[in-house]
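Here is how the chains run, residue by residue.
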Amino acid sequence: MDSHINFSRRSFLKISLGYTLGASLSMQFPILKAKENQSSKKPLIDHIIYLNMAGGMSHIDTFDPKPDTAVQGKFNTIDTANGKKISEHLPKLAKIMDRIALINSMTSREGSHERGQYLLHTNYPPLGTIIHPTLGSWVSKFTKPINEILPSFVSIGRNKFSSGYFGSNHESLNIVKPELGLANVKLPKNLDQKKFEDKMSLLNELDSDFQKKYSNLNVTAYNEFYQRALKIMFSEDVKVFDIHQESEEIKKNYGNTDFGNGCLLARRLIERGVRYVDLTLGGWDTHENNFERVEELSKTLDTGLSNLILELEKKNLYQKTLIVLGTEFGRTPQINGRNGRDHYPKAFSCLLAGGCIKGGTIIGKTNETGESIIENPITMADLYTTIGVSAGLDPEKETYSPAGRPFKLSNNGKIVPEIFKQTNNATSYQNEN
Amino acid sequence: MIFENPRGFMGLKFKFVILIISLLCASSTLVCQDKNLNQSHQNIDQVLLKNTKSESFIGISDEVFLRRTYLNIGNRIPTFEEIKTFEQDNSQTKRSNLIKRLLDSEDYNEAMYHFWADMLRLDSNIKGVYGAKYQKWVKSAIAENKPYDKIVYELLTASGKIYQNGAVGYYLKDEGNILETASTTSQVFLGTQIGCAQCHDHAFEDWTQKQFYEFASYLGKVSIKDENLRKEMRKEFKKEEDLTPQERNLLRKVIEATSFEVTDIGKKELKYPSDYKYKNAKPNEIVKPHVFFGTQPLLQNDDQRRVTFAKWLTSKENPYFTKIIANRLWKRVMGQGIFEPLDDFNSNTHITHPQVLEYLEILLKDLDYDIKRFLTILYNTQYYQRLSFSSDSMSDPTIQERPLQRMKAEQVWNSLLTLTRKDINEYFAVENVGKLEELLISIQKNGLTEENKNLLSLHLSNSDKEKNSKKGLVVKQKQKLNESLSGRASDIVSPAPDQHFLNLFGQSDRQIIEEGNQDPNLPQVFALLNSQLTTNFILKNSYIKRQVNMILERADKIKYLYQVILTRKPTEKELNTSIKYLEKNSKEGIEDIIWALVNSREFIFIQ
């Protein structure tokens, strides 16, 4: 990729009146801005929930078991609604596999957590100085917000992925622990909105010299964040972050785990118009005690995700939502000396569910030991292109890093047409691309 | 010879000519001539000014210098007393004196700790309990100003159990995965990401997978577990019958932790992976150690691989070793590296000031990697003391203005703490970790005595309540929060507790090398506006609040607050605005002003 730098474009850009750090070039070149704002494609869904199984989810011990082989290990398998067996520890999902599209042929070249998670979140491998925007930031930038007050992009769990060169406006609002909600939004008891606004006036007056003097982007970004914070604090929407407004029963259905609570919060956020929610379930890095740990994680995942799907259906949100379950790599079919499995990017699994998805479909196949892909390998780029198209983004549209380097959402991936339900919209995408 | 009286007698041009000649001929003579290295900082300025039309850099006022330097060296803003001390120094060497005071202070040790912790991914949870020993080792090394090459050497060659030698944390961090350790070693100390070639030939650079394996094989005999001890302990463990399942689980972890010992095992070998696909070696073949640049070190004794490797890596002859640390320290002081990123030196890397970099390398070698003396030189340059950018346009490639940066998470936290109490050193976070560690050592030495079993149960009852303590760090949630309010950034567990200021303001989690950031986000803003720390600890119960209450005149109150929060005097306009506000809001006006100043952009940005 580095070798394909367009030198003439780069030098042209450098010679022209400086270049602004961190701002997109569309700010300087109106023609680019016009192109950027075009979202000519009709979206198939309005919301995305991305479930990040951090650590490398073992494919054999979840969605791609190899019963009766040496690599299967301790788990038994159970039947599912789509005909293919999965791990015995995912019984609730098994019942609704007819709503889910399963990809057993994901493949990648990134075998370290850092690089793998980076690729999972941005569709690019780490490239030194560039910080690529995460998928949620793409959605935030290229779709219109449904709710003007809430951020378009919320991330749940400890999460370090950034909006990169799209700037802090498309950064996710991070909720570290769903049961604690959004901290520090309540005013102290003796303070009302009017008084608070008086204090803000004082603040802005005293800080006016500094703000006038320094027009650096990192300063103005903070100015904007202060304004947004105030809008949220005094809105009705701020209640969306409090999962304790739901009944005990509902919380229990999700499993009362951090992940389960996160799924519940994701549902609430979608209800209120948030476009993209990223939720992390970590702990899949099972170099040791693989079976014990995967069993526990599977229970958490099984309860949370199945209930999320059912609730979204109940609330009539399912048709407009896409759920993606991804991980950075799979794990070795060979069990190591510590009763664990090690990193295995060559083959792994992921899931998709939601309104535009053809439920019950199984894409790709690994061989009898789960070590290699024998049918329809799908890369992260393919997955991104497919997701992008669902959301109404143009996966081939170029955006520019501060140094003038072009990047596309697709990163040369191809749409996976088998994912989609056969509707008119889906068909038209397949024909166009 | 040349540098005896630089200012009075010599023109700029003449100095340059001499300088260039010296650099071209025998660069080391430059440094040797300058026995006290008193002129080194001027030399750096000269070379930098060479490409510009100016005679000097546009400098900053004393007020700005004071705040910037306290933050840069000490990781916090200065107190009222410290401001007075600086103001009252009327000597020519006022600024130099401050630099020296700060470099000799505890605050410097705290600040440098984070420099290392970010590089080494030093968190509190290495294998459950022992992060503390590794942290202590690093803190001692900083406190005694151990030379950089020695620190690296000792980390690379560390052996033993962690409570014997904290430095073995370096190997425990990657849990014995020496490919990972080799990769991070190369990235952090050689600035070279050969780790990309772990799974296949590097995509863009010339490094091959074979070269990576050959490099890693210097660490190929490292083992992190004492297998015999583990077997023995398990045997003992099986004998105990009256343990609950929870006790058994914790004991299992105990055995795991105490059997960690970093040693070199003669029989152990690194082999090429079973799916190795290139023709230059065979799958499962034993890898022979080989470095991928520079002179091959002579491997006399195969058991001394790590020693040989460490000597090669930390040698003055190693073309990358010095360059990388010189640039890291330069960035720390100046705000930007001479090349960036700091740890990905490759064929596309652009070096903005090659002569300066060369000079820095010579300097550092001549100083035998004395970090404090090197930093002293950098801080005393005019370049360090130049004005900050006030916008983002860079039309001049020879950047004259310093980038305006937000405080790092640790600087924000420590600065806020400075406002809440008289002396930031007053309270330290309690180290619960120590007790469990003692218990483990005792179990290892004496077995499962009654006393040990009781202590074990005690820790178990704590860990039941604490859901987050999966790795055995036994601290209750509430306790954690209170502790975390009382300690400086380097005393707080890492990663910082959820929603702690350090976390919100972008401190590195220390799981990935140096991934701290200074980006804005909504939770930070909410925290500054409404958190307990702000509304309670800073506004109501703080040291500065008590101090300002003792001041009688309104104008003097305002002046005091501007000093302690923004390190400067208020302008006429600001004074008037504030006094008017106080007249309208006599009850909580002072608190509101403190709140406004702490929430200002000026507070969190470093001019």
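What counts and what doesn't
Residues numbered from 1 in each chain as written. Chains lettered and ligands numbered in written order. Predicted model: local features only at pLDDT ≥ 70, side-chain atom pairs only at ≥ 80, totals over all residues. Heavy atoms only, no water. Helix = DSSP H or I, 4+ residues; strand = E, 2+ residues; numbered from the N terminus. Buried < 20%, exposed > 50% of the residue type's maximum accessible area, 1.4 Å probe, protein only. Contact = heavy atoms within 4.5 Å. Areas by Shrake-Rupley, 256 points an atom, 1.4 Å probe, with all protein chains shown as cover. Buried area = accessible area lost by both parts, 1.4 Å probe. Salt bridge = Lys/Arg side-chain N within 4 Å of Asp/Glu carboxyl O. Nonpolar A, V, L, I, M, F, W, Y, C, P; charged D, E, K, R; others polar. Polar contact = N/O pair within 3.5 Å; in protein donor to acceptor, adjacent residues only side chain to side chain. Pairing = 2+ DSSP bridges. Axes fitted to C-alpha atoms, helices over the stretch in contact; angles between N-to-C directions. Phe/Tyr/Trp six-rings, centres within 6.5 Å; stacked < 30°, edge-to-face > 60°. Lys NZ or Arg CZ within 6 Å of the ring centre and 35° of its normal. Core = buried A, V, L, I, M, F, W, Y, C linked by side-chain atoms within 4.5 Å. pLDDT = per-residue confidence, 0-100. Parallel < 35°, antiparallel > 145°, perpendicular 65-115°, else oblique. Left-handed = near helix turned anticlockwise from the far one by under 90°.

Caption draft 1: Representation of the overall build of chain A in the model. Helix and strand counts for chain A stand at 13 helices and 16 strands. Burial status across chain A gives 59% buried among its 433 residues. Considering only intrachain contacts with a sequence separation of at least 6, the fraction spanning at least 24 residues in chain A is 72%. As displayed, chain A has an accessible area near 17700 Å², and 51% of this comes from carbon and sulfur atoms.

Caption draft 2: Examining the overall build of chain B more closely. Scanning chain B for helices and strands turns up 31 helices and four strands. Taking all 607 residues of chain B together, 59% fall into the buried category. Across chain B, the fraction of contacts at a sequence separation of at least 24, relative to all contacts at a separation of at least 6, is 69%. Accessible surface, chain B: about 26000 Å² in total, of which carbon and sulfur atoms supply 49%.

Caption draft 3: Local environment of unusual backbone geometry. The peptide bond linking Glu340 of chain B to Pro341 of chain B adopts the cis configuration, its omega dihedral lying at 0 degrees. Residue position: Pro341 of chain B is located in the loop between helix H17 (321-334) and helix H18 (354-366). The backbone of Asn339 of chain A shows a phi angle near 60 degrees, a positive value even though the residue is not glycine. You can see Asn339 of chain A is positioned in the loop between strand E9 (330-331) and strand E10 (343-344). Among the residues examined, Asn339 of chain A registers a relative accessible area of 34% and is labelled partly exposed. Positive phi is not limited to glycine here, since Asn145 of chain B has a value of about 55 degrees. Locating Asn145 of chain B in the fold gives a position in the loop between helix H9 (131-143) and helix H10 (148-156).

Caption draft 4: Just the interface of chain B and chain A, in detail. Each side of the interface is counted separately: chain B has 66 residues, and chain A has 61 residues. Between chain B and chain A, roughly 5800 Å² of surface is buried when both sides are summed, and carbon and sulfur atoms account for 58% of that area. For the pair chain B and chain A, the number of links is two salt bridges. Across the pair Asp592 of chain B and Lys195 of chain A runs a salt bridge, and its minimum N-O distance is 2.8 Å. Contributions of two or more residues to the side of chain B that touches chain A are made by strand E3 (405-406), helix H25 (522-530), helix H26 (532-538), helix H29 (572-584), helix H30 (589-598) and helix H31 (601-604) of chain B. Sort the elements by how many residues they give to the side of chain B that touches chain A and H25 of chain B lands first, with nine residues. For the side of chain B that touches chain A, the class distribution of residues is 26 nonpolar, 23 polar and 17 charged.

Caption draft 5: Region of interest: the side chain of Ser183 of chain B. If you trace the backbone, Ser183 of chain B turns up in helix H12 (residues 178-190). Overall, the relative accessible area of 11% leaves Ser183 of chain B in the buried class.

Caption draft 6: Main features of the side chain of Glu361 of chain B. Here Glu361 of chain B is to be found in helix H18. Excluding residues that lie within four positions of it along the chain, Glu361 of chain B makes contacts with Pro319, Thr322 and Lys323 of chain B.

Caption draft 7: Just helix H19 (residues 371-379) of chain B, in detail. Residue and element names in this part refer to chain B. Burial of H19 is extensive: seven of the nine residues sit out of reach of the surface. Within the sequence span of H19, burial applies to Ile371, Lys372, Phe374, Leu375, Ile377, Leu378 and Tyr379. Looking at where H19 begins, the residue whose side-chain oxygen comes 3.2 Å from the main-chain nitrogen of Lys372 is Asp370.

Caption draft 8: Up close: the sheet that holds strand E12 (residues 362-363) of chain A. Residues and elements named next belong to chain A. Taking strand neighbours across the sheet as the criterion, the eight strands line up as E6-E5-E7-E1-E8-E11-E4-E12 in an open arrangement whose pairing is mixed. Pairing within the sheet leaves two strands with one partner each, and these edge strands are strand E6 (173-175) and E12. Along the sheet, helix H4 (residues 113-122) contacts strand E1 (47-54), strand E7 (276-282) and strand E8 (321-327); its crossing angle with E1, the most-contacted strand, is approximately 170 degrees.

Caption draft 9: Region of interest: the pattern of salt bridges. Counted by the stated rule, this structure contains 56 salt bridges over all chains. For Glu269 of chain B, the salt bridge identified is with Lys221 of chain B, shortest N-O distance 3.1 Å. Placement of the pair is Glu269 of chain B in the loop between strand E2 (260-264) and helix H16 (305-313) and Lys221 of chain B in the loop between helix H13 (209-216) and strand E1 (222-225), with a sequence separation of 48 residues. Classification of Lys221 of chain B by relative accessible area gives buried; the value is 3%. Members of the salt-bridge network, linked through shared partners, are Glu246, Arg267, Arg268, Glu271, Glu311 and Lys315 of chain A.

Caption draft 10: Quick peek at the packing of aromatic side chains. One pass over the structure, following the stated rule, counts 41 aromatic pairs over all chains. Note on Trp138 of chain A and Phe166 of chain A: the rings are 5.0 Å apart at their centroids and 75 degrees apart in plane angle, and the pair reads as edge-to-face. On the criterion of sequence distance, the pair formed by Trp138 of chain A in helix H5 (residues 135-142) and Phe166 of chain A in the loop between strand E5 (153-156) and E6 is long-range, its members being 28 residues apart. No difference in accessibility class separates Trp138 of chain A from Phe166 of chain A, as the two residues are buried. Each ring, one from Tyr165 of chain A and one from Phe166 of chain A, has its centre 5.4 Å from the other, and the planes form 80 degrees; the classification is edge-to-face. Tyr165 of chain A sits in the buried class, given a relative accessible area of 6%. Overall, Phe166 of chain A belongs to the buried group, its relative accessible area being 8%. Cluster of aromatic residues (ring-pair linked, three or more members): Trp207, Phe215, Tyr218, Phe292, Phe293, Phe309, Trp312, Tyr320, Phe339 and Phe345 of chain B. The residue whose ring lies beneath Lys141 of chain A is Phe142 of chain A, and the NZ or CZ to ring-centre distance is 5.8 Å.

Caption draft 11: Just the nonpolar core, in detail. Phe63 and Leu301 of chain A together with Leu529 and Ile565 of chain B are the most contacted members of the largest nonpolar core, which has 120 residues in total. If we ignore the near neighbours within four places in the chain, the residues touching Leu529 of chain B are Phe196, Met200, Tyr226, Ala229, Leu230 and Met233 of chain A together with Thr534, Thr535, Trp595 and Asn599 of chain B. Core analysis: the next-biggest nonpolar cluster, separate from the first, contains 102 residues, Ala117, Val188, Tyr276 and Leu364 of chain B among them.

Caption draft 12: Here's a closer look at the environment of Cys196 of chain B. Along the chain, Cys196 of chain B falls in the loop between H12 and H13. Put simply, Cys196 of chain B and Lys323 of chain B are 127 residues apart on the chain and 21 Å apart in space, counted from C-alpha to C-alpha. With residues up to four places along the chain from it excluded, the contact list for Cys196 of chain B reads Arg115 of chain A together with His202 of chain B.

Caption draft 13: Representation of the confidence of the model for chain A within the structure. Scored by pLDDT, chain A has a mean of 86; 88% of the residues are at 70 or more. Counting interchain partners and residues more than four positions distant, the pLDDT-below-50 stretch residues 1-39 of chain A has 53 contacts.

Caption draft 14: Molecular detail of the environment of Leu456 of chain B. Residue and element names in this part refer to chain B. By the element assignment, Leu456 lies in helix H22 (residues 450-465). Classification of Leu456 as buried rests on a relative accessible area of 1%. Distance in space between the C-alpha atoms of Leu456 and Gln164 is 22 Å, their sequence separation being 292 residues.

Caption draft 15: Representation of the confidence of the model for chain B within the structure. Residues and elements named next belong to chain B. Residues at a pLDDT of 70 or more form 81% of chain B, whose mean pLDDT is 82. Scored below 50 in pLDDT, residues 1-35 shows 41 contacts in the model against residues more than four places distant or in partner chains. Here residues 464-484 is modelled with pLDDT under 50, and outside its nearest four sequence neighbours on either side it reaches 35 contacts, counting other chains as well. As scored by the predictor, the complex reaches a pTM of 0.81 and an ipTM of 0.82.

Caption draft 16: Representation of the pairing of E5 of chain A in the model. All names here are of chain A. Residues of E5 alternate between two faces, with Phe153 and Ser155 on one and Val154 and Ile156 on the opposite face, all of them buried. Summarising the sheet, E5 and E7 pair through four bridges and their orientation is parallel. The residue of E7 that forms the bridge with Phe153 is Tyr276. As paired elements, E5 and E6 share three bridges and run parallel to each other. Pairing of Val154 across the sheet is with Leu173, part of E6.

Caption draft 17: Geometry of the pairing of E8 of chain A. Residues and elements named next belong to chain A. In terms of residue burial, E8 counts as a mostly covered element, since seven of its seven residues are buried. Of the strand pairs in this sheet, E1 and E8 are connected by seven bridges, and their pairing is parallel. Looking at E8, one finds that Met53 is bridged to Thr327.

Caption draft 18: Quick look at the environment of Thr376 of chain B. Residue and element names in this part refer to chain B. With respect to the secondary-structure elements, Thr376 resides in helix H19. Using a relative accessible area of 29% as the deciding quantity, one classes Thr376 as partly exposed. For the pair Thr376 and Ser96, spaced 280 residues apart in sequence, the C-alpha to C-alpha distance is 8.5 Å.

Caption draft 19: Focus on the packing of H9 of chain B against H10 of chain B. Residue and element names in this part refer to chain B. Running from N to C, H9 and H10 cross one another at 155 degrees; their axes reach a closest spacing of 11 Å. Here H9 lies roughly antiparallel to H10, going by the angle between them. For the crossing formed where H9 meets H10, the hand is right-handed. The residues of H10 that touch H9, namely those facing Tyr134, Trp137 and Ala141, are Ile151, Glu154 and Leu155. Classifying every residue of the contact of H9 with H10 by side-chain character gives five nonpolar, no polar and one charged.

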